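An overview of the molecular structure
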Amino acid sequence: DVLDMEVKPRPSQLHWYELHVQPCVAELLGTALFIFMGCLAVLEDSGGSGRLQPALAHGLALGVTIAVLGDI
């Protein structure tokens, strides 16, 4: 019977903004954050920290970003 057929909903198509623009903006903001944090860590080098300070700055920036935006 035609009436017994199960109607499956069509998957909704994403808008072009969500497919193309939103990932690019997210990548741009993430890259800008890491470059900014890295440059600040190198500028404020206290002499004896060497490579440790920029590495910790990048790790902290990544940790904060994941904690804040992890649910998105």
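Residues numbered from 1 in each chain as written. Predicted model: local features only at pLDDT ≥ 70, side-chain atom pairs only at ≥ 80, totals over all residues. Heavy atoms only, no water.

Per an unreviewed UniProt entry, the protein chain is named AQP8 protein, and its organism is Toxostoma redivivum. One UniProt comment on the protein chain, placed under Subcellular location (unreviewed entry), says "Membrane". (UniProt positions renumbered as here; feature names shortened; annotations may be inferred.)

A few points about the packing of aromatic side chains
Applying the stated criterion to the full structure yields one aromatic pair. Here Trp 16 and Tyr 17 contribute two aromatic rings whose centre-to-centre distance is 6.4 Å and whose plane-to-plane angle is 85°, an arrangement assigned as edge-to-face. With a relative accessible area of 54%, Trp 16 lands in the exposed category. (Phe/Tyr/Trp six-rings, centres within 6.5 Å; stacked < 30°, edge-to-face > 60°. Buried < 20%, exposed > 50% of the residue type's maximum accessible area, 1.4 Å probe, protein only.)

A few points about the packing of helix H1 (residues 16-43) against helix H2 (residues 52-69)
Closest axis-to-axis distance for the H1/H2 pair is 8 Å, and the angle between their directions is 145°. Between H1 and H2 lies a crossing whose hand is right-handed. Residues Leu 33, Phe 34, Met 37, Gly 38, Ala 41 and Val 42 of H1 form the contact with H2, whose own contacting residues are Gln 53, Pro 54, Ala 57, His 58, Ala 61, Leu 62 and Thr 65. Taken together, the residues of the contact of H1 with H2 sort by class into nine nonpolar, four polar and no charged. (Axes fitted to C-alpha atoms, helices over the stretch in contact; angles between N-to-C directions. Helix = DSSP H or I, 4+ residues; strand = E, 2+ residues; numbered from the N terminus. Left-handed = near helix turned anticlockwise from the far one by under 90°. Contact = heavy atoms within 4.5 Å. Nonpolar A, V, L, I, M, F, W, Y, C, P; charged D, E, K, R; others polar.)

Overview of H1
The terminal C-alpha atoms of H1, which comprises 28 residues, lie 40 Å apart, in line with the 40 Å expected from a rise of 1.5 Å per residue. Where H1 bends most, the angle comes to about 30°, and this point is Gln 22, followed within four residues by the proline Pro 23. (Expected span 1.5 Å × (residues − 1). Bend = angle between axes of the 7 residues up to and from the residue.)

Points about H2
It helps to recall that an α-helix has 3.6 residues per turn; residues three or four apart then point in one direction. Compared with an ideal rise of 1.5 Å per residue, which puts 18 residues at 26 Å, H2 spans 26 Å between its outermost C-alpha atoms and is within 8% of the ideal. The complete set of buried residues in H2 reads Pro 54, Ala 57 and Ala 61. Seen end-on, H2 carries its buried residues on one side only, within an arc spanning 60°. Residues of H2 that are exposed and angled more than 90 degrees away from the buried face: Leu 52, Leu 56, Leu 60, Ile 66 and Ala 67. The inward-facing, buried residues of H2 abut H1. (Arc of directions from axis to C-beta.)

Observations regarding the environment of Pro 54
Take Pro 54: it is sitting in helix H2. Of the residues examined, Pro 54 reaches a relative accessible area of 18% and is grouped as buried. Put simply, Pro 54 and Ala 41 are 13 residues apart on the chain and 5.0 Å apart in space, counted from C-alpha to C-alpha.

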